[in-house]
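# Secondary and tertiary structure notes
These are the residues of each chain, in order.
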Amino acid sequence: MNYLSTRINDLKESATIAMARLSRELQEQGHDIISLSLGEPDFVTPNNICDAAKKAIDDGFTFYPPIAGFRDLRKAISEKFKRENNLDYSADQIIVSTGAKQSIANVILSLINPGDEVIVPAPYWVSYSQIIKLAGGIPIYITTSVVNDFKPFPEQINNAITSKTKLFIFSSPCNPTGTMFSKEELKSIAKVIHPHPQIFILSDEIYEHIRFEATHESIAQFDFIKERVIIVNGVSKGYAMTGWRIGYIGASLEIAKACDKMQGQFTSGACSIAQKAALEAVSSEWDQYDFMRESFLRRRDLVLGLMKDIPGIKYNIPKGAFYVFPDVSSYFGKGNGDDKINNASDLCMYLLKDAKVSIVTGEAFGDANCVRLSYATTDELLIESMKRIKASLAKLV
Ligand code: PMP
Ligand code: GLU
């Protein structure tokens, strides 16, 4: 008997996490698996940030924190918005949560009624679609293509808008494509949405610091739309702090209060010690962590150089984040003995079995022609994994 709720039965497991778990299990069984499936920096958290957490324990920050986050952290995030993005958010407009993932869930659950439509350009990050559905919303996907750097055209967004549209959600730099939107592109999106006062924009900027373009642009910079933009950000990626679980939003007071109320019932706020570590992270000049970005850029170029030699794949040049998202559809319909490749998921399972490399199917990101590889690992493993992938693909006829 299945006694679980329809809600949980209908919820799909995160494909990134599922693939990472499968590769970990295979590794534990002694298989020589290289995992390029989970997106997280391979650096340990910088010392100054860890020291702040140790001090927080010694200083007795072991009690429930304020639900919305410690005031000094919210103030430091407000200053970070001004310093790095030239955006004005008061500390009251900032809500600290247990990772950007929870920030996204707070916002979606606070805005979406059953039947509301949410426009999501594909490829999108895996969790958007599931959280939208959990809230009873209907994701409306816009398709893009590798030849256009996976960017939606403003007319496509315009055509997707209906009287039920409540939210537009996207990430820049984008997980999984690494696409970054320019100021002009963001302005055109803002202009399409502006005439519809019921539509909000969730701008996921978690990869802000992992960028290979000079500047990061936020759609919140346009005053005519700022009130309706919710910026989601956090410390996971830019400061190598995935395990600390601290994310935040900058939003209108009304939305900030809604998210405060939401997490007051769900989590009672984010971990007090992790918040003190995040305070050290966001208060510091980011330049001191630039060695991580430089290393991601070098590894991006390494992987792109190796991918050039693999026949039959198409890809864009990622401008940020730490993923490549090649179109592998030319391998569909091929096979190797009993292994038949009908889609990207088949290809991922084949590569796991034959090449012993774990990557994630593009289907989970809304693009069934592609697969996602995370290059946040060592040069040696990247070189070895690309060699194995090339050899396994060559066997497909
Ligand atoms: N947004 C995107 C696009 C991501 O890739 C991630 C990675 N997990 C998140 C949000 C959530 O980040 P966090 O670790 O802060 O929950
Ligand atoms: N954001 C990472 C990824 O896309 C972490 C996994 C997750 O949170 O789903 O792989």
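The present account deals with the structure reproduced in this document.

## Focus on the sheet that holds strand 14 (residues 371-374)
Strands sit in the order 9-14-13 across an open sheet of three strands; the sheet is antiparallel. If you trace the sheet from one side to the other, it starts and ends with strand 9 (323-324) and strand 13 (360-361), each paired once. Both strand 13 and strand 14 contribute to a ladder of two bridges, which runs antiparallel. Bridge pairing links Val-360 to Arg-372 in strand 14.

## A short note on the site of ligand 2
Looking at ligand 2, the residues that line it are Ser-14, Thr-16, Ile-17, Leu-38, Gly-39, Lys-101, Trp-125, Asn-175, Tyr-207, Lys-237, Tyr-323 and Arg-372. One of the side-chain N or O atoms of Trp-125 is found 3.0 Å from an oxygen atom in ligand 2. Taken by itself ligand 2 offers 280 Å² of open surface, and the protein chains cover 88% of this. Tallied by class, residues from the shell around ligand 2 come to five nonpolar, four polar and three charged.

## Looking at the sheet that holds strand 5 (residues 165-171)
If you trace the seven strands from one edge of the open sheet to the other, you get 2-8-7-6-5-3-4, paired in mixed fashion. Of all strands in the sheet, those bounded by a partner on one side alone are strand 2 (94-97) and strand 4 (138-142). Between one strand and the next, the sheet's axes are offset by a mean angle of 20°, whatever the strand orientation. Examined bridge by bridge, strand 7 (residues 229-234) and strand 8 (residues 247-250) share four bridges and lie antiparallel to one another. By the bridge assignment, Asn-233 is partnered in strand 8 with Tyr-248.

## Section: the site of ligand 1
Around ligand 1 sit 13 residues, and of these Ala-100, Asn-175, Asp-204, Tyr-207 and Arg-245 come closest. Between an oxygen atom of ligand 1 and a main-chain N or O atom of Lys-101, the distance comes to 3.0 Å. The side chain of Asp-204 places a nitrogen or oxygen atom 2.6 Å from a nitrogen atom of ligand 1. Taking 390 Å² as the accessible area of ligand 1 by itself, protein coverage stands at 93%. If you tally residues by element for the shell around ligand 1, the top one is helix 5 (residues 99-111), at four residues.

## Examining the nonpolar core
Counting 125 residues, the largest nonpolar core has Ile-104, Ile-108, Ile-169, Ile-219, Tyr-239 and Leu-347 as its most contacted members. Excluding anything up to four places from it in sequence, Ile-104 contacts Trp-125, Tyr-128, Ile-131, Ile-169, Leu-202, Asp-204 and Val-232.

## Remarks on the packing of aromatic side chains
For any two aromatic rings, the description comes down to two numbers: the centre-to-centre distance and the angle of the planes. Summed over all chains, the structure comprises 17 aromatic pairs. With a centroid separation of 5.8 Å and an interplanar angle of 85°, the aromatic rings of Trp-125 and Tyr-128 are classed as edge-to-face. A residue is classified by how much of its surface remains accessible, and Trp-125, at 16% relative accessible area, is buried. Arranged with centres 5.7 Å apart and planes meeting at 65°, the rings of Phe-150 and Phe-325 form a pair that is edge-to-face. Here Phe-150 is found in the loop between strand 4 and helix 7 (154-160), whereas its partner Phe-325 is found in the loop between strand 9 and strand 10 (335-336), with 175 residues between them in sequence. Of the two residues examined, Phe-150 and Phe-325, each falls in the buried class.

## Let's talk about helix 8 (residues 183-193)
What helix 8 keeps buried is the set Leu-186, Ile-189, Ala-190, Val-192 and Ile-193. End-on, the buried residues of helix 8 take up no more than an arc of 160°, which puts them together on one face. In this structure, helix 8 carries Glu-184 and Lys-191 as exposed residues pointing more than 90 degrees from its buried face. Against helix 7, strand 5, strand 6 (200-204) and helix 9 (223-226) lie the buried residues of helix 8.

Rules used throughout
Residues numbered from 1 in each chain as written. Chains lettered and ligands numbered in written order. Predicted model: local features only at pLDDT ≥ 70, side-chain atom pairs only at ≥ 80, totals over all residues. Heavy atoms only, no water. Pairing = 2+ DSSP bridges. Helix = DSSP H or I, 4+ residues; strand = E, 2+ residues; numbered from the N terminus. Near = heavy atom within 4 Å. Polar contact = N/O pair within 3.5 Å; in protein donor to acceptor, adjacent residues only side chain to side chain. Areas by Shrake-Rupley, 256 points an atom, 1.4 Å probe, with all protein chains shown as cover. Nonpolar A, V, L, I, M, F, W, Y, C, P; charged D, E, K, R; others polar. Axes fitted to C-alpha atoms, helices over the stretch in contact; angles between N-to-C directions. Core = buried A, V, L, I, M, F, W, Y, C linked by side-chain atoms within 4.5 Å. Buried < 20%, exposed > 50% of the residue type's maximum accessible area, 1.4 Å probe, protein only. Contact = heavy atoms within 4.5 Å. Phe/Tyr/Trp six-rings, centres within 6.5 Å; stacked < 30°, edge-to-face > 60°. Arc of directions from axis to C-beta.

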